Amino acid sequence: GNSVTQMEGPVTLSEEAFLTINCTYTATGYPSLFWYVQYPGEGLQLLLKATKADDKGSNKGFEATYRKETTSFHLEKGSVQVSDSAVYFCALGNAGGTSYGKLTFGQGTILTVHP
Amino acid sequence: EPEVTQTPSHQVTQMGQEVILRCVPISNHLYFYWYRQILGQKVEFLVSFYNNEISEKSEIFDDQFSVERPDGSNFTLKIRSTKLEDSAMYFCASQGSSYNEQFFGPGTRLTVL
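Residues numbered from 1 in each chain as written. Chains lettered and ligands numbered in written order. Predicted model: local features only at pLDDT ≥ 70, side-chain atom pairs only at ≥ 80, totals over all residues. Heavy atoms only, no water.

Undergrad: What should I look at first to understand the overall build of chain B in this one?
TA: Tallying secondary structure elements over chain B gives zero helices and 11 strands in all. Taken from the N to the C terminus, the helices and strands of chain B come in the order β-β-β-β-β-β-β-β-β-β-β. Compactness check: chain B gives a C-alpha radius of gyration of 13 Å against a globular reference of 13 Å for 113 residues, within 12% of the reference. If you line up chain B on its principal axes, its C-alpha atoms span 40 × 25 × 25 Å. A separation threshold of at least 6 residues defines the contact pool for chain B, and within that pool the share at least 24 residues apart is 54%. Accessible surface, chain B: about 5800 Å² in total, of which carbon and sulfur atoms supply 45%. In chain B, the 9 positive side-chain charges and the 14 negative ones have mean positions that sit 4 Å from each other. (Helix = DSSP H or I, 4+ residues; strand = E, 2+ residues; numbered from the N terminus. Rg over C-alpha atoms; globule rule 2.2 N^0.38 Å. Contact = heavy atoms within 4.5 Å. Areas by Shrake-Rupley, 256 points an atom, 1.4 Å probe, with all protein chains shown as cover. Lys, Arg positive; Asp, Glu negative; His and termini not counted. Charge placed at Lys NZ, Arg CZ, Asp CG, Glu CD.)

Spelled out as structure tokens, the structure:
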């Protein structure tokens, strides 16, 4: 079945540092890929998504590229801010560009950014 | 901005008791989901619901679990006889169309003693 393996945390960075959170997946076909973020006391929010190979999702300075050859969808940001402190979840969905149906999540990575 | 709400935020119950977790999805959304996250583990899919019926469920979603949309606004998850291993954070999500994102609520933390 589908599975997502996400970089173990927690990750602690200084403000303006470069961020990478690794995510790899196992699935058949071409699933849609997502990064969700959870701020303290809130629900999961979609950060970005990609629906086919070589697509790059981006939002709020975060980027991730759908790499079919390495089955990866690593999250990057060039310069993190204290406000980026949150839990980040990589997730895999159905194929065909749809967001419908169950999401398979990685274990989440806690990011803490210090001033 | 519309949001998914969940009540209660924290529910404590005794093993064997029934619990109902409530969710109010975003108005006009058509697809509804429940997920859970046991402490320290992954967020796991439980069930999806569309057109007043279950469209998919996981192995976790056994006969002890049920979902309902009783009045067109609330979306509930019932656990008939709770077990210690049901202790987890339960997230509700709703979706407006199959090409839009799933919007998640803040979760209900269920503690079974």
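Undergrad: So what exactly am I meant to see when it comes to the state of the cysteines here?
TA: Covalently bonding the sulfur atom of one cysteine to the sulfur atom of another cysteine gives a disulfide. The final tally for this structure, using the stated rule, is two disulfides over all chains. Residue A:Cys23 pairs covalently with A:Cys90 via a disulfide, S to S 1.9 Å. Looking down the S-S bond of the A:Cys23 and A:Cys90 bridge, the torsion is -70°, so its handedness is left-handed. A residue pair is termed long-range when its members are at least 10 positions apart, and A:Cys23 in strand β4 (residues 23-26) and A:Cys90 in strand β10 (residues 86-95) qualify at 67 residues. You'll find A:Cys23 and A:Cys90 in the same group, each marked buried. A sulfur-sulfur separation of 1.9 Å characterises the disulfide bridge that pairs B:Cys23 with B:Cys92. Its torsion about the S-S bond being -60°, the disulfide of B:Cys23 and B:Cys92 is classed as left-handed. (Disulfide = S-S within 2.5 Å. Buried < 20%, exposed > 50% of the residue type's maximum accessible area, 1.4 Å probe, protein only.)

Undergrad: Is there a simple way to think about the interface of chain B and chain A in this case?
TA: Often the size quoted for an interface is simply the accessible area lost on bringing the parts together. Listed by partner, the interface residues are 22 residues for chain B and 21 residues for chain A. Buried surface at the junction of chain B and chain A, summed over both partners, amounts to about 1700 Å²; 56% is from carbon and sulfur atoms. On the surface where chain B and chain A come into contact, there are zero salt bridges. Looking at the side of chain B that touches chain A, the elements with two or more residues in it are β4 (31-37), β5 (43-50), β6 (53-57), β9 (88-95) and β10 (102-104) of chain B. Tallied by class, residues from the side of chain B that touches chain A come to 10 nonpolar, nine polar and three charged. (Buried area = accessible area lost by both parts, 1.4 Å probe. Salt bridge = Lys/Arg side-chain N within 4 Å of Asp/Glu carboxyl O. Nonpolar A, V, L, I, M, F, W, Y, C, P; charged D, E, K, R; others polar.)

Undergrad: For this particular structure, what's the right way to read the packing of aromatic side chains?
TA: Working definition: an aromatic ring pair is given by the centre-to-centre distance plus the angle between the planes. Summed over the entire model, instances satisfying the criterion amount to 16 aromatic pairs over all chains. Arranged with centres 6.3 Å apart and planes meeting at 45°, the rings of A:Phe34 and A:Tyr36 form a pair that is tilted. With a centroid separation of 5.8 Å and 70° between ring planes, the pair formed by B:Tyr35 and B:Phe45 is classed as edge-to-face. Of the two residues, B:Tyr35 is situated in strand β4 and B:Phe45 in strand β5; the sequence distance between them amounts to 10 residues. The same class applies to B:Tyr35 as to B:Phe45, namely buried. Three or more aromatic residues joined by ring pairs form one cluster here, namely A:Phe34, A:Tyr36, A:Phe89, A:Phe105, B:Tyr33, B:Tyr35, B:Phe45 and B:Phe104. (Phe/Tyr/Trp six-rings, centres within 6.5 Å; stacked < 30°, edge-to-face > 60°.)

Undergrad: Before we go on, may I ask you to explain the sheet that holds strand β8 (residues 75-79) of chain B in this structure?
TA: Sheet strands pair by backbone hydrogen bonding; their relative direction is either parallel or antiparallel. Residues and elements named next belong to chain B. An order of β1-β3-β8-β7 is seen for the four strands of this open sheet, with the pairing classed as antiparallel. The sheet terminates laterally at β1 (5-7) and β7 (65-68), the two strands that pair on one side only. Neighbour to neighbour, the strand axes of the sheet diverge by 20° on average, direction disregarded. As defined by bridge partners, β7 adjoins β8 across four bridges and the pair is classed as antiparallel. Directly across from Phe65, in β8, lies its bridge partner Ile79. (Pairing = 2+ DSSP bridges. Axes fitted to C-alpha atoms, helices over the stretch in contact; angles between N-to-C directions.)

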